[in-house]
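Structural features, examined
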Amino acid sequence: VLDNVYANGSGHTIYFSYLKDVEIKGKVLDSENKLVAAKITLADNFGNTVESTQSDTNGMYGFKTSIKENENYNLIIGSERTFIQNQKLNTNTLQNSNTFNNANTILPILKLGAKYNFGNINFYGNLPDLLPASYPSVEALFELLQKNKKLVIQIEGHVNKGEIKTKQDEIFNQTLSEKRAATIY
């Protein structure tokens, strides 16, 4: 970071980042250990799609791309008949390698009455506004619902308001929780 590029502390902040060439590969199975043809999307921390591909008939996928070092990325994997999985990727987890080898990703088969946890849905503090990194996950959920018109979901969540000391805190938490659910809905 280079700050205050003009004399006397005025100016702009310039951020530098380095790109790293990486390979991302793995295998997709369902919860019955059957191979799955799935959509795989890599998104950056601002919700932008970096790469998107499909696994082959053997459930295998792989692609090469360039990503910023030490920044979080979200790998979203899903298919029409399974629920969605999210995996965080960051180059700082690579040890003497340029390959994210995600081994087996197991996608739970959609079943009536089942509950599924869906990660990477995050909001700005005390607001019902999604963080941009959450957009690809919400889009993947939308695609799943579009492909499964009879699928009904219940959205549950929580807020991190801390200790509830007054009735006003309780009302704030409940209202914020409902607004966040409405944002997803």
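This text follows the structure it describes.
First, a word on what this report is: a plain description of the structure on this page. Please read all numbers here as calculations on a predicted model, not as lab measurements.

Under the defined criterion, the tally for this structure stands at two aromatic pairs. Between F83 and Y116 the ring centres are 4.9 Å apart and the planes differ by 15°, which places this aromatic pair in the stacked class. Separated by 33 residues along the polypeptide, F83 in the loop between β5 (73-78) and β6 (85-89) and Y116 in the loop between β7 (99-107) and α1 (135-147) bring together distant segments of the chain. A residue is classified by how much of its surface remains accessible, and F83, at 8% relative accessible area, is buried. Look at Y116 and you get partly exposed, because its relative accessible area is 25%. Taken together, a centroid distance of 5.5 Å and an interplanar angle of 75° make the contact between F83 and F118 edge-to-face. In this pair, F83 sits in the loop between β5 and β6 while F118 sits in the loop between β7 and α1, placing the two residues 35 residues apart along the sequence. In this pair, the class of F83 matches that of F118, namely buried.

Take helix α2 (residues 167-184) next. Relative to the 26 Å expected for 18 residues at 1.5 Å per residue, α2 spans 26 Å between its end C-alpha atoms, a close match to the ideal helical length. Turning to α2, its buried residues number three or more, namely D169, N173, L176, R180 and I184. Across the axial projection of α2, the buried residues extend over an arc of 75°, all falling on one side. The outward face of α2, more than 90 degrees from its buried face, is lined by the exposed residues K167, Q168 and A182.

About the criteria used
Starting from 1, residues in each chain are numbered consecutively following that chain's sequence as written. Local features in a predicted model are, by the rule used here, given only for residues with pLDDT of at least 70; side-chain atom pairs are given and counted only at 80 or more, and totals for whole chains, interfaces and linings are based on all residues. Where side-chain values are given, they derive from all heavy atoms of the structure, hydrogens and water being excluded. Two aromatic rings from Phe, Tyr or Trp, using only the six-membered ring of Trp, form a pair when their centres are within 6.5 Å; if the ring planes differ by under 30 degrees the pair is stacked, by over 60 it is edge-to-face, and anything between is tilted. Counting from the N terminus, the helices are the DSSP runs of H or I reaching at least four residues and the strands are the DSSP runs of E reaching at least two. Exposure classes here rest on a 1.4 Å probe applied to the protein chains alone. A residue is buried below 20% of its type maximum, exposed above 50%, and partly exposed in between. Helices are assigned an expected span. That span is 1.5 Å times one less than the residue count. Directions pointing from the helix axis toward each C-beta atom define the arc.

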